[in-house]
Each structure stands twice: as structure tokens, then as C-alpha cells.
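These are the residues of each chain, in order.
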Amino acid sequence: QVQLVESGGGLVQPGGSLRLSCAVSGSIRSIEAMAWYRQTPGKQRELVATIISGGSINYMDSVKDRFIITTDAAKNTLYLQMNSVKPDDTAVYYCNVIARTDWGTLPKNYWGQGTQVTVSS
């Protein structure tokens, strides 16, 4: 069983910063990719940033140069540093991991429960 627990969300003023964390635990054999998604009411969940096995990093255009995705392998934790936040960044942010729990099996998607980020003055 793989568990993802997000933390760090909350209320932040426009122009401020916030750091989200995602602690990953469970019987993981390998991780193919780790990512942050976000979702607002009535809209589809959208990919914010991703780290693919091998180190490739990608961001959605609207957060480039403002958000930074990193991992701490020793702590099995994924982070999203959010800088210069805007009201449009308001959403529930979800941590996502694509991982194998056993050799010879297909990787699966795992999700955290989500953490609310509200950008408002």
C-alpha cells in the first residue's frame, strides 16, 4: 500500500510564498514520476509540475519561473515551492506518484488527499 500525505497549504497573500510537502510511504519498488496537480471547482485537474525518473522537470506555463518542484530522496518527500503567488493559483493541490510496488508489475497512479491553497488579500 502506498500513501501520500500533503501538507503546507493555507491562506497566502498575492505575491507571497508557500511550500507544499508530500510525504510518500509504503512498499515502493520504483518511482516513475512524481507530480503536483491542482483543481478548482468545476474544472478538470491540471498538471502543475512533474519530475520524471532520470531528473527531467516540467512546469505548466503559468507557473514557470514562480514554482519549483523538488524531491528529498532521504525523506521520501516531494515539495512544491510556490513563489510570487497569484489569486489564479487558488486551488486544491494534489500530490501524485506513479510507482511500482513489485517488480514485474505495471506502475500505478497514487494520489494524496489534497491541500487547499487560497491566494487572497
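Read on for an overview of the structure. (Residues numbered from 1 in each chain as written. Predicted model: local features only at pLDDT ≥ 70, side-chain atom pairs only at ≥ 80, totals over all residues. Heavy atoms only, no water.)

### Re the sheet that holds strand β7 (residues 67-72)
Line of reasoning, step 1. Spatially, the four strands line up as an open sheet ordered β1-β3-β8-β7, and their pairing is antiparallel. In this open sheet, the two strands that pair with only one neighbour each are β1 (2-7) and β7. The mean angle between the axes of side-by-side strands here comes to 15°, regardless of whether they run parallel or antiparallel.
Line of reasoning, step 2. Sheet topology places strand β3 (residues 18-26) next to strand β8 (residues 77-82); six bridges connect them, and they run antiparallel. Opposite R19, over in β8, you have Q81 as the bridge partner. (Pairing = 2+ DSSP bridges. Helix = DSSP H or I, 4+ residues; strand = E, 2+ residues; numbered from the N terminus. Axes fitted to C-alpha atoms, helices over the stretch in contact; angles between N-to-C directions.)

### Thoughts on the environment of E6
Line of reasoning, step 1. The topology assignment puts E6 in strand β1.
Line of reasoning, step 2. A relative accessible area of 5% means that E6 is categorised as buried.
Line of reasoning, step 3. In sequence terms E6 and I52 are 46 residues apart; their C-alpha atoms lie 19 Å from each other. (Buried < 20%, exposed > 50% of the residue type's maximum accessible area, 1.4 Å probe, protein only.)

### Description of the side chain of R38
Line of reasoning, step 1. Here R38 lies in strand β4 (residues 30-39).
Line of reasoning, step 2. For R38, a relative accessible area of 6% corresponds to the buried category.

### Considering the packing of aromatic side chains
Line of reasoning, step 1. Counting across every chain of the model gives one aromatic pair.
Line of reasoning, step 2. Judged by centre distance (4.9 Å) and plane angle (65°), the rings of Y37 and W111 are edge-to-face. With Y37 in strand β4 and W111 in strand β10 (residues 108-111), the pair connects residues that are 74 residues apart, well separated along the chain.
Line of reasoning, step 3. Positioned over the ring face of Y94 is R45, at 3.7 Å from the centre of the ring.
Line of reasoning, step 4. Note that R45 overlies the ring of W111, its terminal NZ or CZ placed 4.7 Å from the centroid. (Phe/Tyr/Trp six-rings, centres within 6.5 Å; stacked < 30°, edge-to-face > 60°. Lys NZ or Arg CZ within 6 Å of the ring centre and 35° of its normal.)

### A short note on unusual backbone geometry
Line of reasoning, step 1. Positive phi is not limited to glycine here, since D65 has a value of about 70°.
Line of reasoning, step 2. Its identity is not glycine, yet S84 carries a phi of approximately 50°, on the positive side.
Line of reasoning, step 3. Position of S84 relative to the elements: it lies in the loop between β8 and β9 (91-100).

### With respect to the nonpolar core
Line of reasoning, step 1. Counting residues in hydrophobic clusters, the biggest one holds 28 residues, and the most contacted among them are W36, V48, L80 and Y93.
Line of reasoning, step 2. At the level of secondary structure, the elements contributing two or more residues to this core comprise β1, β3, β4, β5 (46-52), β7, β8, β9 and β11 (115-119).
Line of reasoning, step 3. Per-element accounting of this core gives the leading share, five residues, to β9.
Line of reasoning, step 4. What L80 contacts, discounting residues up to four positions off in sequence, is L18, R19, L20, W36, V48, A49, F67, I68, I69 and Y93. (Core = buried A, V, L, I, M, F, W, Y, C linked by side-chain atoms within 4.5 Å. Contact = heavy atoms within 4.5 Å.)

### So, the pattern of salt bridges
Line of reasoning, step 1. Applying the stated criterion across every chain yields a total of five salt bridges.
Line of reasoning, step 2. Note that R66 is salt-bridged to D89, the shortest N-O span being 2.8 Å. Here R66, found in the loop between β6 (56-59) and β7, pairs with D89, found in the loop between β8 and β9; they are 23 residues apart in sequence, far enough to count as distant.
Line of reasoning, step 3. When salt bridges that share partners are traced, they join R38, E46, R66 and D89 into one network. (Salt bridge = Lys/Arg side-chain N within 4 Å of Asp/Glu carboxyl O.)

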